[in-house]
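Coordinate inspection notes
Each chain, written out:
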Amino acid sequence: MDREPLKVEVVAADRQVWAGDVVNIIARTTEGDIGILPGHEPLMAALVPCVVQIVTADGRGETLAIDGGFISVANDHVWILSQEAVMGDEVTMERAHREAAELRRLRDDGEISDEQEHRLHILHAQIRAGERVQSSSH
């Protein structure tokens, strides 16, 4: 028997980034990667900066980058709450690569702050999300 799709909402501090009907979602928690399918048991978990991959009910793939946050699953409804979240096609690749290179230089010189290290992880997720969108559109 086919199950109804999941209702998913991805919310950043300043906006709802994405919402829709989903048959599969993959994100990375502090414990590792997690896949959510319709009928998943209730869950609340902390997320790390990562790429979130979504397969919509109509078979399209969506890719987002988040800076961490939380995922909540209950009654086939999934909420991803993150301070910062962007769709893969919203990532400005040149700017993300440039900023990441500067932060890697600071890290290599031993001058990186915890906040800058976190920003570097966010940029890596954004770059991966942007690359996935670019490779799927070719």
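Residues numbered from 1 in each chain as written. Predicted model: local features only at pLDDT ≥ 70, side-chain atom pairs only at ≥ 80, totals over all residues. Heavy atoms only, no water.

**Some remarks on the environment of Gly130**
When you line up the elements, Gly130 lands in helix H2 (residues 114-136). Taking relative accessible area as the criterion, Gly130 reaches 4% and is therefore assigned buried. With residues up to four places along the chain from it excluded, the contact list for Gly130 reads Gly88, Val91 and Met93. (Helix = DSSP H or I, 4+ residues; strand = E, 2+ residues; numbered from the N terminus. Buried < 20%, exposed > 50% of the residue type's maximum accessible area, 1.4 Å probe, protein only. Contact = heavy atoms within 4.5 Å.)

**Remarks on the side chain of Asp67**
Tracing the backbone shows Asp67 in strand E5 (residues 61-74). Buried charge Asp67 goes without a salt bridge, the closest partner of opposite sign being Arg119 at 7.2 Å. Among residues more than four places away in sequence, those in contact with Asp67 are Pro49, Ser82, Gln83, Glu84, His118 and Ile122. (Lys, Arg positive; Asp, Glu negative; His and termini not counted. Salt bridge = Lys/Arg side-chain N within 4 Å of Asp/Glu carboxyl O.)

**Overview of unusual backbone geometry**
Phi angles above zero are rare outside glycine, and Asn75 is one such case at about 50°. Take Asn75: it is sitting in the loop between E5 and strand E6 (77-81). With relative accessibility at 77%, the residue Asn75 sits in the exposed group. Unusually for a residue other than glycine, Asp76 sits at a positive phi of about 60°.

**Focus: the side chain of Thr29**
Within the element layout of this structure, Thr29 appears in strand E2 (residues 16-29). Taking the relative accessible area as the measure of exposure, Thr29 reaches 8% and is therefore buried. Reaching out from Thr29, the side chain makes a polar contact with the backbone nitrogen of Glu31 at a distance of 3.0 Å. Polar contacts involving the side chain of Thr29 include one to the main-chain carbonyl oxygen of Gly32, which spans 2.9 Å. Not counting residues up to four positions away in its chain, the partners in contact with Thr29 are Ile34, Ala45, Ala46, Leu47 and Val48. (Polar contact = N/O pair within 3.5 Å; in protein donor to acceptor, adjacent residues only side chain to side chain.)

**So, the environment of Cys50**
Its place among the elements puts Cys50 in strand E4 (residues 43-56). Take Cys50: its relative accessible area is 3%, and that puts it in the buried class. Sequence-wise, Cys50 and Leu123 are 73 residues apart; in three dimensions their C-alpha atoms are separated by 9.4 Å. Residue contacts for Cys50: discarding those within four places in its chain leaves Ala27, Arg28, Leu64, Ala65, Ile66, Ala125 and Arg128.

**Considering the nonpolar core**
Among the nonpolar cores identified, the biggest contains 24 residues, and Val52 and Ile80 are the most heavily contacted of them. Elements represented by at least two residues in this core include exactly strand E1 (6-11), E2, strand E3 (32-36), E4, E5, E6 and strand E7 (85-87). Contact partners of Val52, with chain neighbours within four places excluded, come to Ile25, Ile26, Ala27, Glu62, Thr63, Leu64, Ile66 and Ile80. (Core = buried A, V, L, I, M, F, W, Y, C linked by side-chain atoms within 4.5 Å.)

**Observations regarding the pattern of salt bridges**
One pass over the structure, following the stated rule, counts 12 salt bridges. Arg60 serves as the salt-bridge partner of Glu62, at 2.6 Å between the closest nitrogen and oxygen. Since its relative accessible area comes to 16%, Glu62 is described here as buried. Classification of Arg60 by relative accessible area gives partly exposed; the value is 43%. For Glu117, the salt bridge is made with Arg107, and the minimal N-O distance between the two is 3.6 Å. With Glu117 in helix H2 and Arg107 in helix H1 (residues 93-108), this pair connects stretches of sequence that are 10 residues apart. Judged by relative accessible area, which is 21%, Glu117 ranks as partly exposed. On the basis of relative accessible area, Arg107 is assigned to the partly exposed category, the value being 35%. The network of salt bridges with common partners includes Asp58, Arg60 and Glu62.

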